[in-house]
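Single-letter residue listing:
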Amino acid sequence: MIKSLDECCGCSACASICPKKCIKFSLDEEGFLFPSIDKNKCINCGQCERVCPLNQEKIISKPTVYGAFSRNNQIRYQSSSGGVFSELALEVFRKDGYVCGVEFNCQKKSAKHILINKVDELYKLRGSKYIQSDINGIFEKIKELLLVNKTVMFTGTPCQIAGLKSFLKTDYENLFCIEVICHGVPSTGLWEKYVDYVESKYNKTLENVYFRSKKYSWSNFGINKIHTDSTQKFQLSFENPYFRMFNSNLCLRKSCYDCKFKGLNTKADISLGDFWNIEKINSRLDDGKGISLVLINTEKGKQLFNSISDKVNICISDVDYTTACDLNNAIFKSMIINKNREQFFLDMKTMEFDDLSKKYFPLSYKHKIKGILIRVGLYDILNKNKGGGVKI
């Protein structure tokens, strides 16, 4: 049994297992999904407590680490890192299987897990979404597919995978779990406030958002906002106020500051993320197009990854786990809570988004200069020539 709701990761396993469906998830005052129980329907069966992944036995993996990217340049460009997720999904489709991942719905200002089995729908799941997804109801659908021997690939955060595995209780051979290496999940309430601000500022409705556009490069990514009139507004990540709030760890779910599913305690077959700092291993490998960090945690994951060997370039295959963690510490390390987090959420209730941004994250002169240098193509050149001396 968890000690407090602050430990709840929002995986929805409790709602999925409840025989009376008396557990519902709704946004709390900080804008995060939390469960509430209809006590009039509850029969005190205790299944919700038993299924909670926080109460499950830890499984220690021994991952093999790769750096890889899709040989399909279009897939690679449209992906947040190297496009390995898309190649894995396409392999599952070839098995007449289903892929479960996150679709972003700008009109509803939300993200939700969906199941697809068509190649032309894969674009919905491709790319990072910097918002916690609504996962309620999807576990039951996955179980129905597994029971009729359909192959399913589920992608999500480590805690969501732990919740799914706990709900299923059985290690299905036809289920592949792919986790994203997670920084932490920001507030849905904050995202809603940001969307309202953007639409009011430009007097246009948002149609779609690409959180990790590679307009300039993989490392100099930004957020590209597309309005219903087809106009686009691009901001580099450090220019965008929502990204600055996310990267500062101001707006993460409380459980993310002490994540119980980091490092070797993973229930995933494969872990995927960005192979940041790859130039420290080999400077020639970073071509600015994106490279996936791939951790193979199980034999089943190894078999799936091997099945796409002709679709990806494996550029690194001899990195040990400790080195991988040094290059991307989100693998094993929870983010440190920002000392201003409590006041930030109090201000979020009363302040307009623009005022909130100006109070906590006014754009500095240095970042304005950095943005100009990136746009004219000089930033990476100056860094390379000066050994990184102009980095901001």
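Before any of the text, the structure's been laid out above.
From a predicted model like this one, the values you see are computed outputs, not experimental measurements.

Engineer: Help me out: how do you make sense of unusual backbone geometry in this one?
Structural biologist: The backbone phi angle of asparagine 149 is positive, close to 65°, even though this residue is not glycine. Its place among the elements puts asparagine 149 in the loop between helix H5 (138–147) and strand S6 (152–156). At asparagine 277, a residue that is not glycine, the phi angle is positive and equals roughly 65°. Among the secondary structure elements, asparagine 277 is positioned in the loop between strand S11 (270–274) and strand S12 (292–296). By relative accessible area, asparagine 277 is classed as partly exposed at 27%.

Engineer: What's the story with the side chain of serine 334 in this structure? I'm lost.
Structural biologist: With respect to the helices and strands, the residue serine 334 is situated in the loop between helix H10 (321–327) and helix H11 (341–350). Assessed through its relative accessible area of 18%, serine 334 is described here as buried. Polar contacts involving the side chain of serine 334 include one to the main-chain amide nitrogen of cysteine 259, which spans 2.9 Å. With residues up to four places along the chain from it excluded, the contact list for serine 334 reads Cys256, Tyr257, Asp258, Cys259 and Lys262.

Engineer: It is not clear to me how the side chain of serine 213 should be interpreted in this structure. Could you clarify?
Structural biologist: Counting through the fold element by element, serine 213 comes out in strand S8 (residues 206–213). Within the structure, serine 213 has its side chain in polar contact with the backbone nitrogen of lysine 215 (distance 3.4 Å).

Engineer: Is there a simple way to explain the pattern of salt bridges in this structure?
Structural biologist: A side chain with one charge may pair with a side chain of the opposite charge, provided their charged atoms come close. Applying the stated criterion across every chain yields a total of 19 salt bridges. The salt bridge involving lysine 21 is made with glutamate 140; its shortest N-O contact spans 3.0 Å. Within this pair, whereas lysine 21 is found in the loop between helix H1 (13–17) and strand S1 (23–27), its partner glutamate 140 is found in helix H5, the two being separated by 119 residues in sequence. Judged by relative accessible area, lysine 21 falls into the partly exposed class, the value being 36%. Residue classification places glutamate 140 among the partly exposed positions, given a relative accessible area of 23%. Measuring nitrogen to oxygen at the nearest pair gives 3.6 Å for the salt bridge that ties lysine 300 to aspartate 171. Separated by 129 residues along the polypeptide, lysine 300 in helix H9 (residues 299–306) and aspartate 171 in the loop between helix H6 (158–168) and strand S7 (175–180) bring together distant segments of the chain. Here the salt bridges do not stand alone but share partners, grouping Glu91, Arg94 and Lys95 into one network.

Engineer: Mind showing me how you'd approach the packing of helix H7 (residues 188–202) against helix H12 (residues 353–360) here?
Structural biologist: Two quantities define a packed helix pair, namely the angle between the helix axes and the distance between the axes. Remark: H7 packs on H12, axes separated minimally by 9 Å, with the N-to-C direction vectors making an angle of 110°. Between H7 and H12, the crossing angle belongs to the class labelled roughly perpendicular. Touching Leu190, Lys193, Tyr194 and Tyr197 of H7 are Phe353, Asp354 and Leu356, all from H12.

Engineer: Sorry if this is basic, but what is going on with the nonpolar core here?
Structural biologist: One recurring pattern in soluble globular proteins: nonpolar side chains tend to sit buried together. Within the largest apolar cluster, 55 residues are counted, with the highest numbers of intra-cluster contacts made by Leu190, Trp191, Phe211, Tyr242 and Phe344. Here this core takes five residues from H7, the largest share from any one element. For tyrosine 242, the residues in contact, after removing those within four places along its chain, are Tyr130, Ile131, Pro186, Ser187, Leu190, Trp191, Tyr194, Phe211 and Phe353. Core analysis: the second largest hydrophobic core is formed by 33 residues, Cys14, Ile142, Val152 and Cys159 among them.

Engineer: Honestly, the sheet that holds strand S10 (residues 232–236) in this entry has me stumped. Any pointers?
Structural biologist: In a beta sheet, neighbouring strands pair by backbone hydrogen bonds and run either parallel or antiparallel. Pairing in this open sheet of three strands is antiparallel, and the strands run S8-S9-S10 from one edge to the other. If you trace the sheet from one side to the other, it starts and ends with S8 and S10, each paired once. With strand direction ignored, the average angle separating the axes of adjacent strands in the sheet is 15°. Pairing geometry for strand S9 (residues 222–227) and S10, over five bridges, is antiparallel. Following the sheet pairing, lysine 225 is matched in S10 by lysine 233.

Engineer: Whenever I open this one, the sheet that holds S12 confuses me. Can you help?
Structural biologist: The strand order across the open sheet built from eight strands is S5-S4-S6-S7-S11-S12-S3-S13, with neighbouring strands paired in mixed fashion. The open sheet has two free edges, formed respectively by strand S5 (110–116) and strand S13 (312–319), since each of these has just one partner strand. Direction aside, the axes of adjacent strands within the sheet are offset by 25° on average. This element, H5, spans strand S4 (98–105), S5, S6 and S7 of the sheet and lies at about 10° to S5.

Engineer: It is not clear to me how the pairing of strand S3 (residues 64–70) should be interpreted in this structure. Could you clarify?
Structural biologist: Along any regular strand the residues' side chains alternate between the sheet's two faces. Most of S3 sits out of view: six of its seven residues are buried. The pairing of S3 with S12 spans five bridges and is classified as antiparallel. Bridge pairing in S12 places glycine 67 opposite leucine 293.

Engineer: Help me understand the packing of H5 against H6 in this model?
Structural biologist: Direction vectors running N to C along H5 and H6 enclose 55°, while the axes themselves pass 10 Å from each other. Relative to H6, the element H5 lies oblique. Crossing angle aside, the handedness with which H5 passes H6 is right-handed. Where H5 abuts H6, its residues Phe139, Glu140, Ile142, Lys143 and Leu146 lie against Gln160, Gly163, Leu164, Phe167 and Leu168. Residues of the contact of H5 with H6, tallied by class, amount to six nonpolar, two polar and two charged.

So, how was this worked out
- Every chain is numbered independently, its residues counted from 1 as its sequence is written.
- Local features are withheld for residues below a pLDDT of 70 in this predicted model, meaning they are given only at 70 or higher, and side-chain atom pairs are given and counted only at 80 or more; totals for whole chains, interfaces and linings count all residues.
- Excluding hydrogens and water, the side-chain values take into account all heavy atoms of the structure.
- Note on conventions: DSSP H or I runs of at least 4 residues are helices, E runs of at least 2 residues are strands, and numbering of each starts at the N terminus.
- Only protein chains enter the calculation, and the probe is 1.4 Å; a residue is then buried if its accessible area is under 20% of its type maximum, exposed if over 50%, and partly exposed in between.
- Polar contacts, as counted here, are pairs of nitrogen or oxygen atoms within 3.5 Å of one another; within protein the pair requires one atom able to donate a hydrogen and one able to accept it, and residues that are adjacent in sequence qualify only if both atoms are side-chain atoms.
- The contact criterion used is simple: two residues touch if any of their non-hydrogen atoms lie within 4.5 Å.
- Salt bridge, as used here, is a side-chain nitrogen of Lys or Arg placed within 4 Å of a carboxyl oxygen of Asp or Glu.
- To define axes, lines are fitted to C-alpha atoms, for helices over the stretch in contact only, and angles between the resulting N-to-C directions are given on a 0 to 180 degree scale.
- Every angle not falling under 35 degrees, over 145, or within 65 to 115 is termed oblique; those three ranges are roughly parallel, roughly antiparallel and roughly perpendicular.
- Here, nonpolar core refers to any group of buried Ala, Val, Leu, Ile, Met, Phe, Trp, Tyr and Cys residues whose side-chain atoms link them within 4.5 Å.
- By definition, two strands form a pair when at least two bridges between them are found by DSSP.
- Each crossing gets its handedness from the near helix: less than a right angle anticlockwise from the far helix is left-handed, clockwise is right-handed.
- Ten residue types, Ala, Val, Leu, Ile, Met, Phe, Trp, Tyr, Cys and Pro, are classed as nonpolar, four, Asp, Glu, Lys and Arg, as charged, and the remainder, Gly among them, as polar.

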